[in-house]
Amino acid sequence: MTHTEGAQTWNRSTAGRWPLVTGGSGGIGRATALGLARLGAHLAITGRDRARAEDAAREIRAVSSGPVDVFVADLSSQSEVRRLADEVLQSLARIDVLVNNVGGYWNTRHVTADGLERTFALNHLAAFLLTSLLLDRLKQIAPARVVTVSSHVQAMGRINFDDLQGERSYSAARAYNQSKLANVLFTYELARRLQGTSVTANALHPGVVRTSFGAEDPGLIQRLFTPLMRLFLKSPAQGAATSIHLAYAPDLEQVTGRYFVGCTPKRSSERSYDKTAAALLWRVSADLGRSEWASDCRGRHSACVSRYSQQLRRGRLVSEFARAFHGSELKERRLLSLPPRSVPQI
Ligand SMILES: NC(=O)c1ccc[n+]([C@@H]2O[C@H](COP(=O)([O-])OP(=O)(O)OC[C@H]3O[C@@H](n4cnc5c(N)ncnc54)[C@H](OP(=O)(O)O)[C@@H]3O)[C@@H](O)[C@H]2O)c1
């Protein structure tokens, strides 16, 4: 059932819901917020620019029967993510859906206020940190959902633990694909960690959508072809359909740790199911994000990462990491045995 098909049923089940959509000021996030508001929620959006966020809120209020709260923060900065989380926790008694939607693509390498490469910081770390800071509230309110907007390019992504920040060599596509694979690895790991709670975690590909995506720092090819390509892309409302579905569909209440395309669960890339890489990424992210989840590993990620990379290069067993990150849950296995040709074309 899509949100349009089931709008009436959904209206009954969504009354009194409190979703928070990051990047609700533009593109897919704005369309997601509009769609959720039409279904009758107490909606909150984030934007990095007050005027753009308020402009979106005006449009959303016009279709909404419930209130619309606006929060402003530059999510590429970790202190801003923390300030945002504090404000949200103080202002909103409930949050039962967190849509981690913010993301971007930069042709050249940019560094954030924290000294991190911006694609990794904004597309992955911001979602990781914000989720960690809001998770207790989500658990209190549960049933609750964490929905993270990835992309079909997760299938081309590799987590380069040797050069996570693109310091040695930066490619916009590589950085973006890596961040979108990180979204899926994060989602699956979060779902595993939330087992036994009523908080679910799912990721999605929205389709290829006509938005301002990548417009801040476009490459030559993007400049030349985007105007023509835009004619064939999905509208933001079409792009928002899967986020809305994952946020509200009643039949997904128990569904967790899945990747959706076109409102349908699909298999993501083989690499995204690598539990050891997911656990290591979690550790590194917790350390880089100085998150509450980092209490037992602060400052230790460089040694872990460098050892992990050496093992990867040699194709040796990574059982030590598996034991360190998942107790005895993971079996010994070779990471390099993951067959790249089995990556699905979605
Ligand atoms: N468009 C596609 O074809 C496509 C395909 C696959 C996946 N996706 C994913 O979909 C998500 C949304 O992309 P989109 O196409 O809607 O992009 P978009 O039109 O560029 O919108 C991005 C949103 O994020 C906000 N944002 C950007 N940088 C920010 C920052 N530093 N701090 C806080 N907010 C920030 C923007 O705020 P402003 O209003 O201030 O700019 C805007 O609200 C991303 O995760 C993207 O990777 C998009």
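Values in this document were obtained by computation on a predicted structure and should not be read as measured data. (Residues numbered from 1 in each chain as written. Predicted model: local features only at pLDDT ≥ 70, side-chain atom pairs only at ≥ 80, totals over all residues.)

Peer 1: Looking at this structure, I do not really get the pairing of strand β2 (residues 43-47). What am I missing?
Peer 2: Both faces of the sheet carry side chains from a regular strand, because those side chains alternate between them. Counting buried positions along β2 yields 5 of 5 residues, so the element is predominantly enclosed. Neither face of β2 is exposed, since L43, I45 and G47 on one face and A44 and T46 on the opposite face are all buried. With 2 bridges connecting them, strand β1 (residues 19-21) and β2 associate as parallel partners. Opposite V21, over in β2, you have I45 as the bridge partner. (Buried ≥ 20, exposed ≤ 12 C-beta atoms within 10 Å, placed from the backbone. Helix = DSSP H or I, 4+ residues; strand = E, 2+ residues; numbered from the N terminus. Pairing = 2+ DSSP bridges.)

Peer 1: How do you make sense of the pairing of strand β7 (residues 258-261) when you look at a structure like this?
Peer 2: Where strand β6 (residues 199-205) meets β7, 4 bridges bridge the pair, whose relative direction is parallel. The residue bridging H205 from the neighbouring strand is V261, located in β7. Looking at chain direction, β7 and strand β8 (residues 264-266) are connected through 3 bridges and run antiparallel. Each bridged residue has a counterpart across the sheet, and for Y259 the counterpart in β8 is K266.

Peer 1: Would you mind going over the site of the ligand with me for this structure?
Peer 2: Close to the ligand lie 27 residues, the nearest being G23, G27, G103, T211 and F213. Take the shell around the ligand: its biggest share by element is 3 residues, from helix α2 (residues 27-38). A per-class count over the shell around the ligand returns 9 nonpolar, 14 polar and 4 charged. (Near = placed C-beta within 6 Å. Nonpolar A, V, L, I, M, F, W, Y, C, P; charged D, E, K, R; others polar.)

Peer 1: Hey, could you run me through unusual backbone geometry in this one?
Peer 2: With glycine set apart, most residues show a phi of negative sign, and most peptide bonds adopt trans. With an omega of 15 degrees, the peptide bond running from A142 to P143 counts as cis. In this structure, P143 sits in the loop between α5 (118-141) and β5 (144-149). Positive phi outside glycine occurs at C263, with the angle close to 65 degrees. Within the secondary structure layout, C263 lies in the loop between β7 and β8.

Peer 1: Honestly, the environment of R137 in this entry has me stumped. Any pointers?
Peer 2: When you line up the elements, R137 lands in helix α5. The buried category is assigned to R137, around which 21 C-beta atoms lie within 10 Å. Along the backbone, R137 and L89 are 48 residues apart, and their C-alpha atoms lie at a distance of 7.7 Å. Excluding residues within four positions of it along the chain, R137 makes contact with L89 and I95. (Contact = placed C-beta atoms within 7 Å.)

Peer 1: Got a minute to help me understand α2 in this structure?
Peer 2: In an α-helix, one turn spans 3.6 residues; hence positions three or four apart end up facing the same way. A rise of 1.5 Å per residue sets the reference length of α2, with its 12 residues, at 16 Å; its end C-alpha atoms lie 17 Å apart and thus fit the reference within 8%. Most of α2 sits out of view: 11 of its 12 residues are buried. Every buried residue belonging to α2 is among G27, I28, G29, R30, A31, T32, A33, L34, G35, L36 and A37, and all of these are buried. (Expected span 1.5 Å × (residues − 1).)

Peer 1: Can you help me understand the nonpolar core in this one?
Peer 2: For soluble globular proteins, the rule of thumb is that nonpolar side chains tend to be buried together. Core analysis: the largest hydrophobic core is formed by 83 residues, its most contacted members being A33, L36, L43, A126, L185 and L281. The dominant element in this core, judged by the number of residues it contributes, is α5, at 12 residues. Not counting chain neighbours up to four residues away, the residues in contact with L281 comprise I159, A182, L185 and F186. (Core = buried A, V, L, I, M, F, W, Y, C linked by C-beta atoms within 7 Å.)

Peer 1: Teacher, can you tell me more about the environment of I45 here?
Peer 2: Mapping I45 onto the fold places it in strand β2. Counting along the chain gives 54 residues from I45 to V99, while the straight-line C-alpha distance between them is 9.5 Å. Setting aside residues no more than four positions away along its own chain, I45 makes contact with V21, G24, S25, A33, A53, A56, A57 and V70.

Peer 1: Even after reading the chapter, I still don't get the packing of helix α4 (residues 78-91) against α5, so can you show me in this structure?
Peer 2: Describing two packed helices takes the angle between their axes plus the distance from one axis to the other. Contact geometry of α4 with α5 gives a least axis separation of 10 Å together with a crossing angle of 25 degrees. Relative to α5, α4 is oriented roughly parallel. In the crossing of α4 with α5, the sense of the turn from one axis to the other is right-handed. Taken together, the residues of α5 that come into contact with α4 (itself represented by Q78, V81, R82, A85, V88 and L89) are A126, L129, L130, L133, L134 and R137. Its residues assigned to classes, the contact of α4 with α5 shows 9 nonpolar, 1 polar and 2 charged. (Axes fitted to C-alpha atoms, helices over the stretch in contact; angles between N-to-C directions. Parallel < 35°, antiparallel > 145°, perpendicular 65-115°, else oblique. Left-handed = near helix turned anticlockwise from the far one by under 90°.)

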